[in-house]
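# Report on the structure
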Amino acid sequence: MKYWLMKSEPEAFSIDDLQARPGQTEPWDGVRNYQARNFMRDDMRIGDQVFFYHSNCEVPGIVGIMEVAGKSYPDPTAFDPQSKYFDPKSSPDQPRWFLVEVKYIRHTRRTIPLAELKEHDPLENMPLVRKGNRLSIMPVTKEQWDDILRLE
DNA sequence: GCCAACGTTGGC
DNA sequence: GCCAACGTTGGC
């Protein structure tokens with residue numbers, strides 16, 4: 001089993017929004033970055049554990065845990081001209097963007113702020129805490145996962 | 001294939 | 001709201 005971290009702006013989609021879908025999976029759509037796409041398309045497996053991270057908000061940080069609940073498939077929002085994620089270069093025949101389904105597991109007991117993660121030396125190699133990092137989906141090692149949960 | 005211009009992300 | 005960092009686009 002692998003571990004991951006996925007970012008979302010809470011104004012667009014928050015951990016509370018995910019929780020509000022009990023027993024349902026949620027498609028993690030709208031990712032338009034090749035590296036992040038490749039993680040979803042090629043490396044994520046059902047059952048992988050994922051930190052939910054709130055970005056671009058008052059207190060950016062880890063707010064919960066979810067689980068990969070469905071294998072990857074082409075992101076349908078890329079085909080929809082009405083969608084803000086529409087990409088005319090992606091077609092059902094030759095899809096460019098992919099997503100996975102996720103499901104809610106739990107909130108963390110508190111928001112674990114980015115500022116705190118940055119001060120925690122064992123996490124210094126995480127892309128998340130490195131300057132200028134914009135990757136919205138990244139792998140997390142088992143050691144990092146356990147470390148972060150100890151900060152909870 | 002280079003690289004300047006532009007757009008986006010996301011912390012602060 | 002600002003702006004640094006970075007990815008993408010397109011002219012040449």
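Residues numbered from 1 in each chain as written. Chains lettered and ligands numbered in written order. Predicted model: local features only at pLDDT ≥ 70, side-chain atom pairs only at ≥ 80, totals over all residues. Heavy atoms only, no water.

## Notes on the sheet that holds strand E1 (residues 3-8)
This is how it is decided: Following DSSP output, two strands are said to pair if at least two bridges run between them. Strands here are runs of E lasting at least two residues and helices are runs of H or I lasting at least four, both read from the DSSP assignment and numbered beginning at the N terminus. The contact criterion used is simple: two residues touch if any of their non-hydrogen atoms lie within 4.5 Å. Convention adopted: a line fitted to C-alpha atoms gives each axis, helices being fitted over their contacting stretch, and angles between N-to-C directions are expressed from 0 to 180 degrees.
Strand order in the open sheet made by the 6 strands is E2-E5-E4-E3-E1-E6, with mixed pairing throughout. Edge positions in the sheet fall to strand E2 (26-27) and strand E6 (137-140), since each has one partner strand and no second. Inspection of the sheet shows E1 paired to strand E3 (residues 49-54) by 6 bridges, in the parallel sense. Note that in E3 the partner of lysine 7 across the bridge is tyrosine 53. Contacting E1, E3, strand E4 (61-74), strand E5 (98-113) and E6, helix H4 (residues 142-151) crosses the sheet at an angle of about 55° to E3.

## Concerning the protein's contact with DNA strand C
The line we're drawing: Think of it this way: one heavy atom of a residue within 4 Å of a molecule or strand is enough to make that residue near it. Here a polar contact is taken to be a pair of N or O atoms separated by no more than 3.5 Å, where protein atoms must pair a possible hydrogen donor with a possible acceptor and residues adjacent in sequence count only if both atoms sit in side chains. Side-chain classes are defined by residue name, with Ala, Val, Leu, Ile, Met, Phe, Trp, Tyr, Cys and Pro counting as nonpolar, Asp, Glu, Lys and Arg as charged, and the others, Gly among them, as polar.
In the neighbourhood of DNA strand C, the contacting residues comprise Tyr34, Lys89, Lys131, Gly132 and Arg134. Atoms of DNA strand C within 4 Å of the protein: sugar and phosphate make up 61%, bases the balance. Note that a phosphate oxygen of DNA strand C is positioned 3.1 Å from one of the side-chain N or O atoms of lysine 131. The residue inventory of the surface near DNA strand C, partitioned by class, reads 1 nonpolar, 1 polar and 3 charged.

## Some thoughts on the UniProt feature "domain: EVE" (unreviewed entry) in chain A
Applicable threshold: UniProt positions are given in the numbering used here, feature names are shortened, and annotations may be inferred rather than shown by experiment.
In the numbering used here, UniProt assigns the "domain: EVE" (unreviewed entry) feature to residues 2-150. Note that residues 2-150 is 20% helix and 32% strand, and that its end C-alpha atoms are spaced 18 Å apart.

## Section: the protein's contact with DNA strand B
In the neighbourhood of DNA strand B, the contacting residues comprise Lys7, Tyr53, Ser55, Asn56, Pro60, Leu114, Lys118 and Arg134. In the model, a phosphate oxygen of DNA strand B is placed 3.1 Å from a nitrogen or oxygen of the lysine 7 side chain. Separating a phosphate oxygen of DNA strand B from a backbone N or O atom of asparagine 56 is a distance of 2.9 Å. When the residues that make up the surface near DNA strand B are grouped by side-chain class, the tally is 3 nonpolar, 2 polar and 3 charged.

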